[in-house]
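Chain by chain, the residues:
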Amino acid sequence: MHTAPDQFNGGTRAVVPQILRRRHRGTAPIYRFKIARQSGLSDSALVLLTLQKRRSKLIREKETRMQTTTAPAFRKTAETFAAGAKTLEQKYFISSEIFAQEQEKIFSKKWVLVGHQSQVAKPGDYFVQEVAGESLIALRDKDGRVRSFYNVCRHRGTRLREGRNGHLSAIQCPYHAWTYGLDGRLIGAPHMDDVEGFDKADYSLHAVNLALWEGFIFVNLADGCLLEKVFAPLSGRFSHCYLPKLRSAKRIEYDVRANWKLIFENYSECYHCPGVHPALSKLTPYDSAENDLCEGPFLGGFMRIAKGNSLTMTGNSCALPVGDIKGEGHNRVFYYSIFPNMLLSMHPDYVMVHQLWPKSPERTLIFCDWFFHPEAFDRTDFHPDDAIEFWDMTNRQDWHVCELSQQGIASRAYRPGPYSPRESIPAAWDREYLRHVE
Ligand code: FES
Ligand SMILES: [Fe+2]
């Protein structure tokens, strides 16, 4: 795309005296004509020269514009505030009908996070996760491929795996011992050969759409668009961080008495930080957020680490860097919400991931994992608890205010309240949510 203009310029250089190009680069076209005439060029060569120069200038301007738009542009939180934005109406936090709609229109149709590939490191490793009321098995098959199936036997529908995770060489139903390979094919069905026309090939487990993004496992209960297409806005954005290679050192599960949207809204602003998180506010200024994703299903940006090297109890780094982190990247924490159930927080030395599972309008299960560089685990300078303790404390502070919000929103006195300019991202998250349910 950029070769044609260069060739064009090369042609120009061949007919224009070197001294003219160097001395008169900044002069106006008519004046350049006069000077050039004195240099003995013909009128047609002069017209060609002017047109070529104009075209080169336009191309340079276009290239500059392209560079500006492709490089991540970070904007202060208040700059992207849509004036007049208010919190959601009460029904979105308490209505069972709306909860059912969310399960149908969002959690049954979108790509949802269920785990990380490190949870199924070896063939036969599996875990079970409920998505939109459906129990799913995610596993790594013998060829190393990560797959997902409905946790439903093809004989009489029995739940195949009750445990939450483990290791399997095949999936055997606890009822009549129908047995499935890790690729989902039915490989054993006692006495079924006696049934006329029975063909095991017709009774494989029902597969679920599964795709990996940066090592994270996503499933989609609908036959919809490709994950790569949906996640295109994030493409290459986090390549400085070795997300696919990381391993979780710890998972904590929180049972929060608040609507799942309150968790997203809370995550998306630090207006609450000075009062709710005194320790966090000492390390990271609450007004330091700058966002490069300000509208749509992916929202967020970074906040500065102003004191210490990381967000830990001691303020010290607690592990090897999680990626190829350069310059000011050492002083930044990147926070992104990924619709509809992932919160991705990338610190210089660890990555924290929240998985949200709405259980009812007023209850949300949250899995929080702390991921580290795989080589960090065996080193003497590995202190994961320094990070885990810090965020466990901060998480609980957040869940507490979310629960208080839920209680107040359920009141007959609740009315949508005005967002402040420091809450531009939760307001954008609400807009995205409404696009899916309305
Ligand atoms: S229900 Fe699974 S083998 Fe019968
Ligand atoms: Fe918070």
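Residues numbered from 1 in each chain as written. Chains lettered and ligands numbered in written order. Predicted model: local features only at pLDDT ≥ 70, side-chain atom pairs only at ≥ 80, totals over all residues.

Q: Give a description of the nonpolar core that names residues and reports values.
A: Core analysis: the biggest nonpolar cluster contains 58 residues, and I263, L299, Y336, Y350, V351 and F372 have the highest contact counts within it. For this core, the leading source of residues is helix α11 (residues 384-409), giving six residues. The residues contacting V351, other than those within four sequence positions of it, are C241, L243, L246, V322, S345, M346 and F371. Formed by 28 residues, the second largest nonpolar core is a distinct cluster that contains V114, L205, W213 and I217. (Core = buried A, V, L, I, M, F, W, Y, C linked by C-beta atoms within 7 Å. Buried ≥ 20, exposed ≤ 12 C-beta atoms within 10 Å, placed from the backbone. Helix = DSSP H or I, 4+ residues; strand = E, 2+ residues; numbered from the N terminus. Contact = placed C-beta atoms within 7 Å.)

Q: Run through the packing of helix α8 (residues 260-267) against α11, naming residues and quoting values.
A: Packed helix pairs are characterised by how far apart their axes lie and by the angle those axes make with each other. Following both chains from N to C, one finds α8 and α11 inclined at 125 degrees, their axes separated by 10 Å at the closest point. Between α8 and α11, the interaxial angle falls into the category oblique. The two elements α8 and α11 cross, and the hand of that crossing is right-handed. Contacts between α8 and α11 involve L262, I263 and N266 on the former and, on the latter, D398, V401, C402, S405 and Q406. When grouped by side-chain class, the residues that make up the contact of α8 with α11 number four nonpolar, three polar and one charged. (Axes fitted to C-alpha atoms, helices over the stretch in contact; angles between N-to-C directions. Parallel < 35°, antiparallel > 145°, perpendicular 65-115°, else oblique. Left-handed = near helix turned anticlockwise from the far one by under 90°. Nonpolar A, V, L, I, M, F, W, Y, C, P; charged D, E, K, R; others polar.)

Q: Mind laying out the environment of F81, listing which residues take part and the relevant values?
A: Structurally, F81 is set in the loop between β1 (75-76) and α5 (91-94). Taking the C-beta count within 10 Å as the criterion, F81 has 19 such neighbours and is therefore assigned partly exposed. Placed 344 residues apart in sequence, F81 and I425 show a C-alpha to C-alpha distance of 7.8 Å. Excluding residues that lie within four positions of it along the chain, F81 makes contacts with P421 and S424.

Any functional reading would require information that these geometric values do not contain.
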